[in-house]
Each structure stands twice: as structure tokens, then as C-alpha cells.
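Chains, contacts and geometry: an overview
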Amino acid sequence: MRFTRTRSFKLRTGRRDYSIIPGFSLTMGITLTMLSLFILIPLASIMAFSFELGPKGLIEAVSDEVVINALKTSIMCAALAAAVNCLFGLIIAWTLVRCDFPGKRILDGLIELPFALPTAVAGITLSKMYSESGQPGSLLAKLGITVSYTQLGILIAMIFIGIPFVVRTVQPVLSKLNPVYEEAAYILGAGRFMTFRKVILPELGPALLSGFGLALARGLGEYGSVIYISGNSARDHTQVASYVIMQKLNYMDYAGATAIALLMLIISFIMLILINALSVFQSRRVSNTYAAAQERSASSGRGARILIALSATYVLVMLVMPLISVMKNAFSKGMLFYLASLGTDYVRSAAGVTAMATIITLVINTVFGLAAAWAITRFSFRGKHLLGTLIDIPLSISPVIAGLAYIMTFGRLGWAWPALQAVNDALGTDIQIVFALPGVVLATVFVTFPFVSRELIPVLDSVGTNEEEAAAMMGAGGRRIFRRITFPHIKWAMIYGMILCAARAMGEFGAVNALSKTRGETFTLPLEIDALYMDGGADSVTAAFAVSSILVITAVAVLIIRSISEHMEKRDVS
Amino acid sequence: MYLELKGISKRFDDAKSGETDAVNGVDLGIEKGELIALLGPSGSGKTTILRMIAGLEVPTEGDIYIEGVRVNDLSPADRKIGFVFQNYALFRYMTVYENVAFGLEVMKKSGTEIRKRVMELLELTELSDLKDRYPNQLSGGQQQRTAFARALATQPSLLLLDEPFAAIDAKVRKELRSWLRNMIGEVGITSIFVTHDQEEAVDMADRIVILREGSVVQTGAPREIYENPATVFVASFLGDPVILDSFSGFKGFEDINDSTSGSRIVLRPEHVEAFRDDNPKFHDLIPISENGTVRNILFRGDFLELEIEVNGIRLKCRRSLERRTVGVGEKMRVLIYRINVFSPSGAEVVKNSFLHNINPEFM
């Protein structure tokens, strides 16, 4: 398809600034359509249903003591976990930027483990590790500390999944921070601590806050990694909000589930808006203090060694130990048992479902990611910040709510149910979405929706539009510009985004759990792991770890590829 | 007229961006083969005008004509324009050869035709040996030459250059300036370049268009503008003059009516002569010169700049390093050749009346 140039060139001065780069309507159209279909309309279904309940019904459902306690537990543990991660996240980010030591790239790569490791795997591992039979668990038990099935357990799980958020928001700001300000402070006689407190901390403040916000949002909505280690007992206040929603879904209490979901959605939206406002504020105030690719000498000495030791220990205890624990448990009954557990019909079916959902998700989210990144970075238009915020929604809401959203859209109570039935009647088919394969795919798409676009947007922003403008001026069309000019720049970021998306898709648990009920038909690998683990028998628990080991190996492979693709990108740029 | 702008205006909606410069009703005509400089400080609208000519921005009002045809609705690619971007915007993932060939590929030229044209241009810009290099392996000057060759590849009839020397070290700038001027002359292409550097504009352009706050202040040949600046702004933009609010009691300038309020006087250092009483060369001029005291001496590299106080006013003048040394506090005689007077009624050049009558050889 090739447009004749003169015809496709129209004056558009009203709603957006004019740009010579083609593709605005196309990419914007794709972005908005997909965003509406996969994210906004399902979420709107939750809201629509909760309005039907009326304010009285809503308040009644939410003011149940069990619900209030669960929300309290979720908020308290998530806030505490985010705070712990702020402290250690800052230390790790500092170590990664300012210190040089062997194994730095490995440490850097490991940070992203919680993104790549399926939450259910993390959940059963943490639960096993911190139970009285596990390694740190038995040690802590001797000290009289019980972790498993207490709020402390919830806290540890939330710390685990929140680590990357603070590190990854602080790290880039720190590495771009112009050293002249610190040098100026030193010259004026300020000591290390004073320089840090007065000069560096204010610069990092917004990044720290937005990292805190992201970690908090993730913790609030977390399901998979929390439910095994928490006791899920209403009496002990060890139920988290996502668990209560899932329970209500299991009991078909849709009104109750929707009411809690609405409340959590509102909290998430407020936090998202705050985080985005913060990053806009930050970019306005701090951007001109950035130095272009600063070469700085690595700090050394005792202080640096302490920081490196702290960071390494934190990562080792919080991230590496669970990995080892999975592998140890997987092989605890020998190689034969391991292979046998992988060969069951259930596991094979689950692997097939997982592969299918992952591949479809990957295609959808890559198309969306490319379109959204192009529309957002290549054009300026009204509502750009809002669009960016909307795309990030799936990152900050509970996967269980994602599942609920599709149930409220396509399920028996959903507004699309009659339409779906009408189509089935007309065509003589029996297409089901909820509790069927399409639902599993949709849930997976929802949860990983922004993964590709999030990798592409910063790269395209930093590359700038100069080259594309130059090519468009010479008459090159959109496809040629993309293929020859843009694609080489984003190649590695796209590969990395796709891999992360695939890893996350394979490991998705909460959303799929809400939408898939038939073992051996619509179960994915994480659901199969859950089923095996919950069975409780020693053999099936070991089998659960055996299946988990596949996902762990994938996660580690993802981290290695990420490390390589980042390296290649840096090499290409310099 | 080859290119004509008629009543071009550009307004930007978003209030937040302070960097974008608006344009207010600019009229401009450019003859075929001319080399034009759009000169002005940042925010004067010069880049916006260039981008509107190229078709990268759409004017809010007004029309642009190329060879009598209104091109407002024509895409940049159809305007037959070559554009050299400020930081060259070379395609980082393409070699020098591929960069130059890109525009021809878009035009779907045959392989042999492309090769011939690209090699021809690489020969012209002396880049043949570097054709397989990537942009980040080139020096600033080589990048500029690549950008120039790429812009010329499609044989445009108008070449636009946005701050072509901004990304180049001060040291090699002068050298590249004459290279670019000669190259444009050799190719014989009508060209417009944007700059904030008056020296660059004076050095290269056939004609300079001076802009301020989105409007054209003055247009003319460099010498013409230098000698007859239309406003204080222009006078102060070209060169390094002293600007005074009042100027009275100077010999030879008795006619200046200082009472006109709002009038300002511009005095260029090169129009001020300072000499010692005992200098025989200037002996005749002592009666028409003023007494001054040296207040400051600055070494400017290839000359000295003296600040001399005369009648309570500080003037600047230049002094060759070959002349006798002077010291701060020393008395000197000061002679002013000419001044520029700007009053609400207009601009005028006032020459020293004594000098004009008595001793024309000093003019």
C-alpha cells in the first residue's frame, strides 16, 4: 500500500501540532482501538456493574469486616514493603551506578527477576523456604519468628515482587545526574553525607517517590506470590484484598467482588495519576541538569565495599535463594521423578495452553507497543499524558481485577453476554470466552499489555525525530521510514520488551486463575503448579516444583537475553 | 523572484513551550542563485521561517511561492528542496553512501543511476574514501559534508541549511565556512541558511535578513547593513558598538540635537581613533579631537581594545599591537569619524563635519 504523496498530505492544524512524519492516524487508531478493547471497556464493565449495585449496596459490600481487614492488611504490608524497597532500592541503584565490581552485570540483570519469574512460582517457593522446614524458615523459627502464614510472610512476598520498581526508576536518574552539582558541593566544603542529603536526594526525590508508588501499587494488587505464604485466615488478618476478591468470585458473589474491585481500582487510578504527574514534574524541573552520557570515575574505598556487600546480600537473600530453592525442591525426588512429573497429560495440556496464550499475547502486544510508541513519541497532541497513563493501567491494578473485568464483560452477568449468545445462535457455534481459552488469552494480554510499549517509548524519545523528519522530507513513506530509520534504533529494545512480555505472559496467574476453571483443558502452567501444590501430597508438591523449574529456567534465560540485548543496544549507540 | 513569502505568520498554541519562536507577517523575496542568511538571536523566528519554507511547519497565515507557484499545500518532498538539519540528522544506521543514496532510492531511480549520482557527489564533497563509514565514525566537518551531499542528491532547486555550523568546533568553523560558500557557488544553487552568528552571516551571505521577535528588521547586502543599520538593534547586532543615550559637545558633531527624546547613538570601535599628542601623523587633527583618559585595556588576541573616557562617556576603540604601548590612566586624544543616530523619526549616519570638510583623505 502506497499513498500518493500529495493526497496524503493535508493541513492539520487544529488538534495536534503539525508533523511531517506520517502514520499518526494509523498508529493512533490502532492504539486507541486496542486500548479500548482490551483494557478500558472491560474495566468500564466493572464500573457499570458497581453502579447497578448503587451506593448503598457498594458501601454494604465494602464495609464487611473481612473486607476492611483485608484492605488494611494489603495497604499496610504494601506500604511497608515499598518503604523497605525504597531504602534497599536506593542502595542497589547507587551501587550499580557509582561502584565498579566483578559480577555487576549479573547483579544488574538479577534485579529484574521478579518481573520474569511467575508469581505462583515465587509464591510456592517463598512459602516453602520460610516454612519451618525451609532453610531461612527453620533458622528464624529458632529465634521465635514465624514467617509463613503471618503478615510478615505477606510482607516478604511483597518485598520480593517490588524490588525492581525502585531500582529501575532511580537508576536512570542517578546515572544521568550531572556530577558538577556534587563537585560544587564538595568544593564549598560539604561533607559526603551533607552532599547526599542536600544535593543528591532532592534530585532523586521524585524518582524515589514514583518508584515507591509503583511498588506500592504492585504490592496492593499482588496475588500469586502472596497467597501461599499468607495464612489467608480472616481471623489472623492474613487475607489480602486480591484473595478476598478471588474468594468471592469462587462463591459467585459478583456484587461483593465488584465492590472491592472498584475500591481498589480507584486507589490504583489515584496512584497512577500521582505517579505520572510526578514524572512530568520531574522532567520539567530536572531535565536540564542531566549530563549527556557522563563518564564518571567509580567510587571505591570502604564505603563502596559496604554498599556492594549490602546490595549483593539483599539480592542474594531476596532473589537468588528462592531460585535455588525451586531447583533443589524440583530434584528432591531424583531425575526420574522430575521427568515423570513433566510428562503428565495435565502438564502437557497446560504447556500447550500456555504456549498458545503466550504467542497470541506476544503478537497483540507487539503490534500495540509499536503503534502506541510511534503515536506517543512521534507526535504531540492533546491528551498525550492521559494516554500514557491509561496504557500503564495494567501495571498498577491487581491481575485478579483483570480477570473480574472480563467476567463482568463476557460472563453471564456481563453486558456482552447476550450479544455473544446471539452470535452463537446465528452461527450455530458455541464460542465461550469466560472459563474458556479465549478468556485465558484475553487475561494474559491485559496483564502484559504495556510491556513492549514501555520499552520502546524511552528509546524513541531519546533518539528524537530528526532522522525521520529528514527521511520524510526526502519523500520516504511511513513503511520505508519505519524499516530503514526507526527499526534499527528500537530493534534491541523491542526484542527485550517482547521477551519480558513472553515471560510475564507465561507466568500470569491471578487473572488467568479467575478465568480458567478446567484442569487439563484451560489450565496454564502456573495454574497447574497451583493445582499440584494445593493437592498437598509430598509427591505432588515436588511435582509442582518440577514444573516450576521450567519457568525458572525460562526466567533466567530471559534475564540473560535482556542483559545481552541491552549490551548490544549500548554498543550500537556508541 | 524565485522564492516569495507573503505575509507569513506562525503562532504556536501551547503556551508552555518557550523555545518555539512565533513569526509575524514576514514578507521576503529571494532571487535565483542568491545565498541568503537569516540572522537573529534565539527566539527571533528564523528557524521557524526556514521550516515553513521547507514544509516542516505550516504557516498560520500567508503564502509561500516557489517560482510563482503557491506551495503551502505541497508536501516537503514535492517542493524540490534540499535540507541540512541543525545536527545534520544523518541516518545513524546507514553508511555515508547509503545516506546520500536514500533520497534517490525513495524516488525509485535505477541502481546505476543512483550509483553514478552518489559517487559524483561523494567526489565533489571529497568523501569518496569515507563512503562505507557510519556517521558516528565521522568528524563534525565530514558529517556536515555528508549532510550537504545528501541534501543535494535529489537535485533540489533550493537548499535550506539550519545553523549549519552549530555542531562544529570554533576552530574549524571558518575553514568550513569558505568551503561551504565555494561549494554552493560551484553548484549554483539558491540557498538560505539560518544563523545567530553575525560573523558567519557577513562572511558567507550575498544578502542578510535580520530578524527580531518574528519580524524582519532589515534586509540587504552585508556591507549595506553594516554601514546603514536601520535600528539600534541591527547596529548592535553587527559588531561590538557602544550605545549611548546622549551625545553632546563633541567636536565635529555640533549639529546633533540631543534634546530629541528617545534618540540613541551607536558608536563603533572602528570609528574611533585614539592617538598621543606627539604623534606626527595625527598632528593636524589635534584641534578637532577631544581629550580622553584610558580607563581600561583589554587584549583581544590580534588587537587591543581601549576603553577611553571622554566628556564623561566611555568609548571603545581598537589599537594595533604594533603601535606604541599605552597604559591605564594615560591621556590620549580621541577623534570620532562617524556615529549612527537613531531617533524616533529615523536612522541616520552622521560624519564628523570637520573631518569631512578639512581632510577627506582620512575618511
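Overview of the structure.

Thresholds applied
Residues numbered from 1 in each chain as written. Chains lettered and ligands numbered in written order. Predicted model: local features only at pLDDT ≥ 70, side-chain atom pairs only at ≥ 80, totals over all residues. Heavy atoms only, no water. Core = buried A, V, L, I, M, F, W, Y, C linked by side-chain atoms within 4.5 Å. Buried < 20%, exposed > 50% of the residue type's maximum accessible area, 1.4 Å probe, protein only. Helix = DSSP H or I, 4+ residues; strand = E, 2+ residues; numbered from the N terminus. Phe/Tyr/Trp six-rings, centres within 6.5 Å; stacked < 30°, edge-to-face > 60°. Lys NZ or Arg CZ within 6 Å of the ring centre and 35° of its normal. Pairing = 2+ DSSP bridges. Axes fitted to C-alpha atoms, helices over the stretch in contact; angles between N-to-C directions. Parallel < 35°, antiparallel > 145°, perpendicular 65-115°, else oblique. Contact = heavy atoms within 4.5 Å. Nonpolar A, V, L, I, M, F, W, Y, C, P; charged D, E, K, R; others polar. Polar contact = N/O pair within 3.5 Å; in protein donor to acceptor, adjacent residues only side chain to side chain.

Some words on the nonpolar core
Within the largest apolar cluster, 227 residues are counted, with the highest numbers of intra-cluster contacts made by Leu38 and Ile192 of chain B. Broken down by element, the residue count for this core peaks at 15 residues, all from helix α8 (residues 151-176) of chain A. Core analysis: the next-biggest nonpolar cluster, separate from the first, contains 45 residues, Ile114, Leu127, Ala153 and Ile184 of chain B among them.

Considering the packing of aromatic side chains
A complete count under the given rule lists 21 aromatic pairs over all chains for this structure. Residues Phe38 of chain A and Phe449 of chain A carry aromatic rings whose centres are separated by 6.1 Å and whose planes lie at 50 degrees to one another, so their mutual orientation is tilted. Pair noted here: Phe38 of chain A is in helix α2 (residues 24-62) and Phe449 of chain A is in the loop between α21 (437-448) and α22 (451-463), with a separation of 411 residues, a long-range link. For the residue pair Phe38 of chain A and Phe449 of chain A, the accessibility class agrees, reading buried in each case. By the ring-pair criterion, three or more aromatic residues cluster together here, those being Tyr223, Tyr228, Phe509, Tyr533 and Phe545 of chain A. In this structure, Arg145 of chain B is placed above the aromatic ring of Trp179 of chain B, and the distance from its NZ or CZ to the ring centre is 6.0 Å.

Section: the pairing of strand β19 (residues 346-351) of chain B
Residue and element names in this part refer to chain B. Alignment of strand β18 (residues 338-343) against β19, held across six bridges, turns out to be antiparallel. Bridge assignment links Arg338 to a residue of β19, and that residue is Lys351. Taking the residues between adjacent antiparallel strands as the criterion, β18 and β19 are bridged by two residues.

Quick word on the packing of helix α6 (residues 119-130) of chain A against helix α26 (residues 525-535) of chain A
Residue and element names in this part refer to chain A. As a packed pair, α6 and α26 sit with axes 9 Å apart at the nearest point and diverge in direction by 30 degrees. Considering their axes alone, α6 and α26 lie roughly parallel with respect to each other. On the side of α6, the interface is formed by Ala120, Val121, Ile124, Ser127 and Lys128, while α26 contributes Pro526, Ile529 and Tyr533. Taken together, the residues of the contact of α6 with α26 sort by class into six nonpolar, one polar and one charged.

Here we look at the sheet that holds strand β11 (residues 242-244) of chain B
Residue and element names in this part refer to chain B. Strand order across the open sheet formed by four strands is β11-β12-β18-β19, with antiparallel pairing between neighbours. What marks the edges here is a single partner per strand, and that holds for β11 and β19. Between one strand axis and the next, the sheet turns through 25 degrees on average, direction left out of account. Relative to strand β12 (residues 264-267), β11 runs antiparallel, the two sharing three bridges. Within β12, the residue paired with Val242 across the bridge is Leu267.

Brief notes about the pairing of strand β9 (residues 207-212) of chain B
Residues and elements named next belong to chain B. Examined bridge by bridge, strand β3 (residues 35-39) and β9 share four bridges and lie parallel to one another. For Ile36, the partnering residue across the bridge sits in β9 and is Arg207. Note: β9 against strand β10 (residues 215-220), five bridges, orientation antiparallel. Bridged to Val209 within β10 is Thr219.

Observations regarding the side chain of Arg333 of chain B
Residue and element names in this part refer to chain B. Residue placement: Arg333 occurs in strand β17 (residues 331-336). Polar side-chain contacts of Arg333 include one of 3.0 Å to the side chain of Ser289. A polar side-chain atom of Arg333 sits 2.7 Å from a polar atom in the side chain of Asn291. Dropping the residues within four chain positions of it, Arg333 is found in contact with Glu273, Ala274, Phe275, Asp277, Ile286, Ser289, Glu290 and Asn291.

Concerning unusual backbone geometry
A positive phi angle is found at Asn232 of chain A, which is not glycine, with a value near 55 degrees. Among the secondary structure elements, Asn232 of chain A is positioned in the loop between α11 (224-227) and α12 (241-250). Non-glycine residue Tyr88 of chain B carries a positive phi angle of around 75 degrees. In this fold, Tyr88 of chain B is placed in the loop between β6 (81-84) and α2 (96-106).

Digging into the sheet that holds β9 of chain B
All names here are of chain B. Ordered by their spatial adjacency, six strands build an open sheet running β6-β7-β8-β3-β9-β10, and the pairing between neighbours is mixed. Edge strands, defined here as strands with exactly one partner in the open sheet, are β6 and β10. When strand polarity is set aside, the average angle formed by the axes of neighbouring strands in this sheet is 20 degrees. Of the pairings in the sheet, the one linking strand β7 (residues 158-162) to strand β8 (residues 190-195) comprises five bridges and is parallel in character. Across the sheet, Leu161 pairs through a bridge with Phe193, a residue of β8. Set on the sheet, helix α5 (residues 170-187) makes contact with β3, β7 and β8; between it and β7 the angle comes to about 165 degrees.

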